[in-house]
Amino acid sequence: MSRISRPPSSLLRAAAYTGAAALALTACGSGSGSGSTSTGSGEVKVGLITKTDTNPFFVKMKEGAEKTAKAEGVKLMTAAGKFDGDNAGQVTAIENMVASGVKGILITPSDSKAIVPALEKARAKGVLVIALDTPTEPQSAVDALFATDNLKAGELIGEYAKAAMKGKTAKIAALDLAPGVSVGVQRHNGFLKGFGATDKDVACAQDTGGDQSKGQTAMENCLQKEPGINVVYTINEPAALGAYTALKAKGREKDVLIVSVDGGCTGTQAVKDGKIAATSQQYPLKMAAEGVKAVVTYAKDGKKASGYTDTGVTLITDKAQGGVTSKDTAYGLENCWG
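Residues numbered from 1 in each chain as written. Predicted model: local features only at pLDDT ≥ 70, side-chain atom pairs only at ≥ 80, totals over all residues. Heavy atoms only, no water.

### A closer look at the overall build of the protein
The condition is simple: A run of H or I in DSSP counts as a helix once it spans at least four residues, and a run of E counts as a strand once it spans at least two, with each numbered from the N terminus. By definition, residues are in contact when any of their heavy atoms lie within 4.5 Å.
In terms of regular secondary structure, the protein is built from 10 helices and 14 strands. Taking the contacts inside the protein whose residues are at least 6 apart along the sequence as the reference set, 75% of them involve residues at least 24 apart.

Below you can see the structure in the form of structure tokens.
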């Protein structure tokens, strides 16, 4: 899995922290900020905490934060859990960043509920807290949310799948994320809404954790339960590619419609290659870039970002359907996760 390159060494400044061994916390940036944004130490610090540092989605998010921090002349500190769900590691990162004097923290919470007390402590100390991609529960636990409208993302691929079926009876497999995770629930429900279906119409539902190998196993299980499945909704593109592998092994890859969400470069290429019919593309780089800018604004004039900012979603397919707005894979590859 490809990783983004780090900024030049002249832009780096080490920041090591111990505690929950789940995290690596680093600082990078362009040195001191301007006088209008400076703190007592002469620079503005912004923290970014992602669920992991290996998932390409979060790699792209980090890239957006790094580029914007450099452009704005502020210091970026980053941390990530060792695995998706590492709440203890994210708590430690918050505490370390607050102690280091960050002006704001951007976070993709691994556990939307369990992270709330740590975020509330940070806010009580004057730190601006913005959730990226994944909302907290309650959403009011942060100052602002910059994220994809995941319900809409699901609706788009649901509408597309319904149109592409052209009146044929659908036997649906839903390859979901995990129980109770808001992003997964919203995408699932959005797909059903867009398709005009309910959970009673789903022939097989399996959790995948968004993992390709688990997606393959889930699809194999669904084909055993209902061999006639002809529509597959997946939580993300790794799960979709796992489903495709299972279908291809059965010689079914040509007659089963797979739709997904994310719009990463690998997933968009899979749409171009005909493995996935359509995907809803989201923009993590934009989420992080806008988040850094919001912290800079707060540092300059004390104005806090608030509420929900929709960072956009676009249906990507090379097999457009009437009545469903979409763009082709040329656009998708040019803008994948941008």
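The rest of the description comes next.
### As for the state of the cysteines
One covalent bond between the sulfur atoms of two cysteine residues makes up a disulfide. Convention followed: Count a disulfide wherever a pair of cysteine sulfur atoms falls within 2.5 Å. Using a 1.4 Å probe on the protein chains alone, a residue whose accessible area is under 20% of its type maximum counts as buried, one over 50% counts as exposed, and one in between counts as partly exposed.
A full pass over the atoms with the stated rule returns 2 disulfides. Each sulfur in the disulfide pair C204 and C222 lies 2.2 Å from the other. The disulfide joining C204 to C222 has a torsion of about -75° about its S-S bond and is therefore left-handed. With C204 in strand β9 (residues 202-207) and C222 in helix α6 (residues 212-225), the pair connects residues that are 18 residues apart, well separated along the chain. Overall, C204 belongs to the buried group, its relative accessible area being 3%.

### Describing the sheet that holds strand β11 (residues 257-262)
So the rule is basically this: Should DSSP find at least two bridges between two strands, the strands are taken to pair. Think of each axis as a best-fit line through the C-alpha atoms, taken over the contacting stretch in the case of a helix, with angles from 0 to 180 degrees between the N-to-C directions.
Taken in spatial order, the 6 strands line up as β9-β8-β10-β11-β12-β14 in an open sheet, and their pairing is mixed. Each having just a single partner strand, β9 and β14 (314-316) make up the two edges of the open sheet. Looking at each pair of strands side by side, their axes are set apart by 15° on average, direction ignored. Bridging between β11 and strand β12 (residues 278-281) involves 4 bridges; their strand directions are parallel. Bridging from a neighbouring strand, S260 pairs with T279 of β12.

### Some words on the nonpolar core
This is how the line gets drawn: As used here, the term nonpolar core means buried Ala, Val, Leu, Ile, Met, Phe, Trp, Tyr and Cys residues forming a set that is joined through side-chain atoms within 4.5 Å.
Within the largest apolar cluster, 27 residues are counted, with the highest numbers of intra-cluster contacts made by Y160, F191 and V259. Contributing elements (two or more residues each) for this core: α4 (150-165), β8 (172-176), α5 (182-195), β10 (231-234) and β11. The greatest single-element share of this core, amounting to 7 residues, is contributed by α4. Residues in contact with V259, not counting those within four places in the same chain, are I157, Y160, A161, F191, V232, Y233, T234, I276 and A278. Ranked by size, the runner-up nonpolar core spans 26 residues in total, among them I130, M287, A299 and A305.

### Here's the deal with the packing of α6 against helix α7 (residues 237-249)
Our working rule: When describing relative orientation, an angle under 35 degrees is termed roughly parallel and one over 145 degrees roughly antiparallel, while 65 to 115 degrees is termed roughly perpendicular and anything else oblique. By convention the crossing between two helices is left-handed if the near helix lies anticlockwise of the far one by an angle smaller than a right angle, and right-handed if it lies clockwise.
Running from N to C, α6 and α7 cross one another at 45°; their axes reach a closest spacing of 7 Å. On the basis of the axis angle, α6 is oblique to α7. In this structure, the crossing between α6 and α7 has a hand that is right-handed. Across the interface between the two elements, Q212, G215, Q216, M219, E220 and L223 of α6 pack against P238, A239, L241, G242, A243, T245, A246 and L247 of α7.

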